[in-house]
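# Structure at a glance
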Amino acid sequence: MASEFDRHFLLDTGSVLRFVKARTEYFPETANLVAEEIGDGNINYVFRVRDLDSGRSLVVKQADRLLRSSGRPLDLSRSRIESEILRIEGRLAPGCVPKVYDYCEAMCAITMEDISDYRNLRRELLAGKTFPRFPEQIADFLSKTLLPTTDLVLDRQQKKALVKRFTNPELCDITEDLVLTEPYWDYKNRNVLTPGTEEFVQEKLYENAELHAEVAVLRDRFMNCPQALLHGDLHTGSIFANLTGIKVIDPEFAFYGPMGYDAGNVIGNLIFAWANKLLTEPDNTAFLKWIRQAVAAVYDGFRVGLEREYDARVTLPLYWEADFRKRYIDQIMADTAGYAGTELIRRTVGDSKVLEVTSVTDPETRKTLDMLLIDTGAALILKRNKLQSGTAVANAFKKAAKQYDL
Ligand SMILES: Nc1ncnc2c1ncn2[C@@H]1O[C@H](COP(=O)(O)OP(=O)(O)OP(=O)(O)O)[C@@H](O)[C@H]1O
Ligand SMILES: [Mg+2]
């Protein structure tokens, strides 16, 4: 039967009510529904639909041909990719992502669980909140969603089919430029530097041959290492948390890449929260202690989780050799530190900044913050093969901070 939703158009708070009724049986026929647009991102449209009588709600996320913020076109397959990976992650790490109730290919719209009981982790950390169980929960999420999608676990043909299905060229192109090229070579003139840091950036990023070689290795691995099915954009604005659990959203950048990219993004973003508080609330020792331990615990917990998943799931005897297992996991951990570094640098000098940076408005404090983040990022990239523990990663930040008497 033909329906108004057979061809893509941009939903609004009226049509989304008809859409939900047509596509799901979540609400009773007679429900008294209201909708609001709650999206705050740059890319897509997000609606919450609520039944005024029962209070039950769900969320519809729709991709449009044009970006919500800039109006630039972007490949619509990101929406299918997001819906599929949410389902995969939901199976591998139950309860850690919103449940998908429906995916409408024609409308590029995912209807899913409303996770409003959880709060945006970036904003919570910036407000000084701590989440004692978070390091263990995210380390678990990372190891459980990543290792099982490798061909150490999956059938080789099945894995290759997944690599194909999750090839995401336009979204990867954004990362390849914004994260792994432009911070070191501003060829599109899009970097936004804090006044007074121009010479520092010139020396430390634009003219640093040693760093360029290492970033080139990380860029090459990002593009040529289809190791595991990544979330692809795992910053703290994509993680929602409360005192009981986490919900990870927005995996539209998903593709087959090096696992350390996801773990590194988490660690880099925790360091933003740490750096911000160190500069703006240096006496908040409870938060500063917790965040330092969280950085270390995510790194160490990821390694332990990988080892656990490895021992439970890898079946080919060749891969059971202890030396191979160690080298495989060491490489992932080195990537993790390296991509934490590229995340720190790109969010500091690139045009897609984070609140922990932009909310610092005092010019001198902001300059110091930028330099501290760039130094930490460069240290993590350059020393990534030698940093063998979470404490060593945390110490890279502490050492950089000491230079600024922090
Ligand atoms: N399942 C959900 N339940 C409740 N709120 C949600 C849900 N999904 C998204 N949101 C809200 O909508 C906002 C934007 O969602 P999301 O980050 O997925 O969109 P996006 O347009 O892809 O953003 P970005 O520009 O960061 O890529 C989230 O920060 C969150 O507040
Ligand atoms: Mg998004």
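Residues numbered from 1 in each chain as written. Chains lettered and ligands numbered in written order. Predicted model: local features only at pLDDT ≥ 70, side-chain atom pairs only at ≥ 80, totals over all residues.

## Some words on the overall build of the chain
For the chain, the helix and strand inventory stands at 14 helices and 10 strands. The C-alpha atoms of the chain give a radius of gyration of 21 Å, which matches the 22 Å a tight globule of 406 residues would have. Referenced to the eigenvectors of the C-alpha coordinate spread, the extents of the chain come out at roughly 65 × 55 × 40 Å. Of all 406 residues assigned to the chain, the portion counted as buried reaches 44%. Restricting the contact set of the chain to residue pairs at least 6 apart, pairs at least 24 apart contribute 74%. (Helix = DSSP H or I, 4+ residues; strand = E, 2+ residues; numbered from the N terminus. Rg over C-alpha atoms; globule rule 2.2 N^0.38 Å. Buried ≥ 20, exposed ≤ 12 C-beta atoms within 10 Å, placed from the backbone. Contact = placed C-beta atoms within 7 Å.)

## Quick notes on the site of ligand 1
Not every one of the 20 residues close to ligand 1 is listed here, only the nearest: Gly41, Asn42, Ile43, Asn44 and Asp250. Within the residue set of the shell around ligand 1, elements represented by two or more residues are β3 (57-62) and β5 (109-113). Its residues assigned to classes, the shell around ligand 1 shows 8 nonpolar, 6 polar and 6 charged. Shared between two domains, the shell around ligand 1 holds at least three residues of each, these being domain 1 (15-113) and domain 2 (119-402). (Near = placed C-beta within 6 Å. Nonpolar A, V, L, I, M, F, W, Y, C, P; charged D, E, K, R; others polar. Domains from an automatic or database assignment.)

## Details of the domain arrangement of the chain
On domain assignment, one finds that the chain holds domain 1 (15-113) and domain 2 (119-402). Computed from C-alpha coordinates alone, the two centres of domain 1 and domain 2 are separated by 27 Å. With 15 residues of domain 1 in contact, the opposing surface of domain 2 contributes 17 residues.

## Observations regarding helix α8 (residues 209-224)
Under the 1.5 Å per step criterion, the end-to-end length of α8 is 22 Å for 16 residues, consistent within 8% with the ideal 22 Å. Buried residues of α8: Val215, Leu218, Arg221 and Phe222, and no others. One side of α8 carries all its buried residues, which in axial view fall inside an arc of 115°. Along α8, the residues that are exposed and aim more than 90 degrees away from the buried face are Ala209, Ala213, Asp220 and Asn224. Where α8 is buried, its residues touch α6 (169-178), β10 (255-257), α9 (260-280), α11 (322-349) and α13 (363-382). (Expected span 1.5 Å × (residues − 1). Arc of directions from axis to C-beta.)

## Some thoughts on the packing of helix α10 (residues 285-313) against helix α14 (residues 390-402)
Taken N-terminus to C-terminus, the directions of α10 and α14 make an angle of 140°; their axes are 7 Å apart at the nearest point. Relative to α14, the element α10 is oriented oblique. Handedness of the crossing formed by α10 with α14: right-handed. Residues Arg292, Val295, Ala296, Ala297, Tyr299 and Asp300 of α10 touch α14, and the partners they reach there are Gly390, Thr391, Val393 and Ala394. (Axes fitted to C-alpha atoms, helices over the stretch in contact; angles between N-to-C directions. Parallel < 35°, antiparallel > 145°, perpendicular 65-115°, else oblique. Left-handed = near helix turned anticlockwise from the far one by under 90°.)

## Quick look at the sheet that holds strand β1 (residues 33-37)
Here 5 strands make up an open sheet; going across it, the order is β1-β2-β3-β5-β4 and the pairing antiparallel. The sheet is open, and its two borders are formed by β1 and β4 (100-104), each paired with just one other strand. Taking each pair of neighbouring strands and ignoring which way they run, the sheet shows an average axis angle of 20°. In this sheet, β5 lies alongside β4 in antiparallel orientation, the contact comprising 4 bridges. Its bridge partner lying in β5, Val100 is registered against Met112. Strands in contact with helix α2 (residues 77-92) are β4 and β5; relative to β4, the strand with the most contacts, it is inclined by about 155°. (Pairing = 2+ DSSP bridges.)

## Some remarks on the pairing of strand β2 (residues 45-51)
The side chains of a regular strand alternate between the sheet's two faces. Sheet topology places β1 next to β2; 5 bridges connect them, and they run antiparallel. In the sheet register, Val34 faces β2, and the bridge partner there is Arg50. Pairing between β2 and β3: 6 bridges, direction antiparallel. Opposite Val46, over in β3, you have Lys61 as the bridge partner. Counted between consecutive antiparallel strands, the loop separating β2 from β3 contains 5 residues, among which Gly55 sits at a positive phi close to 80°.

## Overview of the packing of helix α4 (residues 134-146) against α10
Across the interface, α4 lies against α10 with an axial gap of 8 Å and an inter-helix angle of 35°. Handedness of the crossing formed by α4 with α10: right-handed. Note on element contacts: α10 touches α4 through Ala294, Ala297, Val298, Gly301, Phe302, Gly305, Leu306, Arg308 and Glu309, opposite Phe134, Pro135, Glu136, Ile138, Ala139, Asp140, Leu142, Ser143 and Lys144. Here the contact of α4 with α10 is composed, by residue class, of 10 nonpolar, 3 polar and 5 charged.

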